Structure formats: structure tokens, C-alpha cells
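Residue strings, one per chain:
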Amino acid sequence: MEPLSNRSKKVQKREMTFAEKAYLPAIAQGLGITLKHFFKKKATVQYPEQTRERSEIWRGLHVLKRDENGAERCTACGLCAVACPAEAITMTAGERKAGEENLYREEKYAVTYEVNMLRCIFCGLCEEACPKAAIFLQDDKVAPARFERDEFIYGKDRLVEPLKTTETK
């Protein structure tokens, strides 16, 4: 069989020196790497006391916003659920009843709205898809650690922004 190119190199076997046989250059090289890492800045953060700086585009926990009158902005159009690549958002739409005009902006609202935080990849596509600017990813909150899987499914009780109370003195 003929070689594909004429670029061949002959390798000659040479005798190793005593230092090479005793692995002294390899040991010195390894110690050099160890010393270099020993004097580098530590990557570990003492978490409760210190927090790591986050990027400006970092995305945290979801929040369902309210309008200036305190009504929920979400109209259960489902665009956020369709835009979610991880299929983490589920919702059920319902009709607004008489007397609930101050609770919901439109006739249709989300009866249930759930985000599965174990599936969510925090990409922000739900935020971009929402025509009513109802869902946002907060930049200051992280999903807390939990022990049970069902505690990672956030419903409206955890997602809806609390009502702002106006105190007059």
C-alpha cells in the first residue's frame, strides 16, 4: 500500500538520561504547576457572608406582575408556555366572574399558572413572548434549595407579585 503523502519522519530511539529515568523533570514540572495554583486567587466564595457578582443579563426567579391598579396582567394567552423550550410552564385559562373586575385586567385570566423550576432553563423566552409584560425573571432572587420535588413547582401563590399597600399618615 502506498502512503498518501511523502511527508514521513523517521523516529530514532535515544537513550534516556538518569534524570529522565528518575522522572525528575516531570516532578519539577508538576510542583511548578502546584505552586502556580497555590498563589492564585481562590474561586471559593463563603456563601452566606459573601455573594458572587452576577452578570447584568443574569436571570433569576419568575414573577407574575400586576398593573398600576393591582390587577394581574396575565391574560392566559399561552404564548409564554409555547415559547418555553423546556416546556416548564403550564396554565389553565378561565373566565372572569362578576365582581372580580379589580382582580384581573381582561375577561380571561389564568386560573392556574405553574412553572416547574426543575425543568426551567432560565432562558427568558417566556419574558420576551408575553404581550402584556406579565412575566419577568428577577435579577436579585435565586431559587432556594428544597428537599422535595413538588416544592419546585411554583404556582400562583409563589409567582404573583404581592399587592402594594399604600400607607397614608
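Here the structure is a predicted model, which is why all the values come from computation and not from measurement.

*Asks:* Sorry if this is basic, but what is going on with the pairing of strand β3 (residues 108–116) here?
*Replies:* Two faces make up the sheet, and in a regular strand the side chains alternate between them. Pairing between strand β2 (residues 89–95) and β3: 7 bridges, direction antiparallel. Looking at the pairing, T90 lines up with E114 of β3. Of the strand pairs in this sheet, β3 and strand β5 (residues 153–154) are connected by 2 bridges, and their pairing is antiparallel. Bridge assignment links N116 to a residue of β5, and that residue is I153.

*Asks:* Mind showing me how you'd approach the packing of aromatic side chains here?
*Replies:* The way to describe two aromatic rings as a pair is by their centre distance and the angle between their planes. One pass over the structure, following the stated rule, counts 2 aromatic pairs. Taking 5.1 Å as the distance between ring centres and 85° as the angle between the ring planes, the aromatic pair formed by F38 and F39 counts as edge-to-face. Judged on exposure class, the residue F38 and its partner F39 are both exposed. Ring geometry for Y104 and Y109: centres 3.8 Å apart, planes at 15°, overall stacked. The residues Y104 and Y109 share a single accessibility class, namely buried. One Lys or Arg, R54, reaches over the ring of W58 and ends 4.3 Å from the middle of that ring. Sitting above the plane of the Y154 ring, R158 keeps its charged end 4.6 Å from the centroid.

*Asks:* Quick question: what am I supposed to make of the state of the cysteines here?
*Replies:* Between two cysteines, a covalent bond joining their sulfur atoms is known as a disulfide. Enumeration according to the criterion identifies 0 disulfides in this entry. For C126, which is in no disulfide, the shortest distance to another cysteine sulfur is to C123 and amounts to 6.3 Å. Assessed through its relative accessible area of 7%, C126 is described here as buried. Distance from the sulfur of C130, which forms no disulfide, to the nearest cysteine sulfur (C77) is 5.9 Å.

*Asks:* Help me understand unusual backbone geometry in this model?
*Replies:* The phi angle of most residues is negative, glycine excepted, and most peptide bonds adopt the trans form. A positive phi angle is found at A76, which is not glycine, with a value near 55°. Along the chain, A76 falls in the loop between β1 (62–64) and α3 (79–83). For E87, which is not glycine, the phi torsion reads 55° and is therefore positive. You can see E87 is positioned in the loop between α3 and β2.

*Asks:* I would appreciate a short explanation of empty space enclosed by the protein in the present structure.
*Replies:* One simple way to see leftover space: roll a probe sized like a water molecule over the atoms. Scanning the entire structure with this criterion turns up 2 cavities of 30 Å³ or more. Space inside the largest cavity adds up to approximately 90 Å³. Residue lining of the largest cavity: 16 residues in total, with C74, C77, C80, C130 and A134 positioned closest to the centre. Each residue belonging to the lining of the largest cavity can be placed in one class, and the counts come to 12 nonpolar, 2 polar and 2 charged. Of the volumes computed, that of the second largest cavity is approximately 70 Å³. Around the second largest cavity sit H62, C84, A88, I89, C120, I121, F122, C123, G124, L125, C126 and L137, which together line it. When its residues are assigned to classes, the lining of the second largest cavity shows 10 nonpolar, 2 polar and no charged.

Rules of the game
Every chain's residues receive numbers from 1 upward, in the order its sequence appears when written. Selection of residues for local features in this predicted model requires a pLDDT of at least 70, selection of side-chain atom pairs for listing and counting requires 80 or more, and totals for whole chains, interfaces and linings are taken over all residues. Based on all heavy atoms of the structure, the side-chain values leave hydrogens and waters out of the count. Strand pairing follows a simple DSSP-based rule, namely that at least 2 bridges must link the two strands. A helix here means a DSSP run of H or I that spans at least four residues, while a strand means a run of E at least two residues long, and both kinds are numbered starting from the N terminus. For Phe, Tyr and Trp, rings pair up if their centres lie within 6.5 Å, where Trp contributes its six-membered ring, and each pair is then called stacked (planes under 30 degrees apart), edge-to-face (over 60) or tilted (otherwise). The rule is simple: take the accessible area with a 1.4 Å probe, protein chains only, and divide by the maximum for that residue type; under 20% is buried, over 50% is exposed, in between is partly exposed. Consider the ring centre and the ring normal. A charge sits over the ring if Lys NZ or Arg CZ is within 6 Å of that centre and within 35 degrees of that normal. A pair of sulfur atoms, both from cysteines and within 2.5 Å, is called a disulfide here. Only protein atoms enter the calculation, which uses a 1 Å grid: trapped sets of points that fit a 1.4 Å probe without letting it out are cavities, open sets showing protein on both sides within 12 Å along at least five of seven lines are pockets, and any residue with an atom within 4 Å of a point is a lining residue. Grid points are joined across faces, edges and corners, and a volume is the space filled by probe spheres set on the points. Residues are sorted three ways: Asp, Glu, Lys and Arg are charged, Ala, Val, Leu, Ile, Met, Phe, Trp, Tyr, Cys and Pro are nonpolar, and all the rest, Gly among them, are polar.

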